[in-house]
Amino acid sequence: MRDEIERLKTEFKEIEILLGIEANIISVDGELDVDDEVISLLDVLLAGFHNGAFLKE
């Protein structure tokens, strides 16, 4: 996906194209349901807390 974004940036220089996803906060410790490897590829990460997050034991 990152490669596609970079290609589009060269084709459409007049607009800013970003790669981003929505992640879920799945614990009260702030753990996300997205791997760090994926996060490192992103320009934008939107995270939301949802009912059902649990305490780590």
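Everything here concerns the structure above.
So, how was this worked out
Residues numbered from 1 in each chain as written. Predicted model: local features only at pLDDT ≥ 70, side-chain atom pairs only at ≥ 80, totals over all residues. Heavy atoms only, no water. Helix = DSSP H or I, 4+ residues; strand = E, 2+ residues; numbered from the N terminus. Buried < 20%, exposed > 50% of the residue type's maximum accessible area, 1.4 Å probe, protein only. Contact = heavy atoms within 4.5 Å. Salt bridge = Lys/Arg side-chain N within 4 Å of Asp/Glu carboxyl O.

Asks: How should the side chain of serine 27 be read in this particular structure?
Replies: Summarising the element assignment, serine 27 is placed in strand β1 (residues 20-27). The class of serine 27 is buried, set by a relative accessible area of 0%.

Asks: Would you mind showing me how to read the environment of isoleucine 17 here?
Replies: Residue placement: isoleucine 17 occurs in the loop between α1 (2-11) and β1. Using a relative accessible area of 15% as the deciding quantity, one classes isoleucine 17 as buried. C-alpha of isoleucine 17 to C-alpha of glutamate 6: the two residues are 11 residues apart in sequence and 8.4 Å apart in space. In contact with isoleucine 17, other than residues within four places in its own chain, are Ile5, Leu8, Lys9, Phe12 and Asp43.

Asks: I'm lost on the pattern of salt bridges in this one. Help?
Replies: Oppositely charged side chains can pair when the atoms bearing their charge come close. Under the counting rule described, the total for this entry stands at five salt bridges. Between glutamate 6 and arginine 2 there is a salt bridge, and its shortest N-O distance comes to 3.0 Å. Taken together, the positions of glutamate 6 and arginine 2, both in helix α1 and four residues apart, correspond to about one turn of that helix. Glutamate 6 is the partner of lysine 9 in a salt bridge, and the nearest nitrogen-oxygen pair spans 3.7 Å. One end of the pair, lysine 9, and the other, glutamate 6, are both in helix α1, three residues apart, so they sit about a helical turn from each other. Lysine 9 sits in the partly exposed class, given a relative accessible area of 29%.

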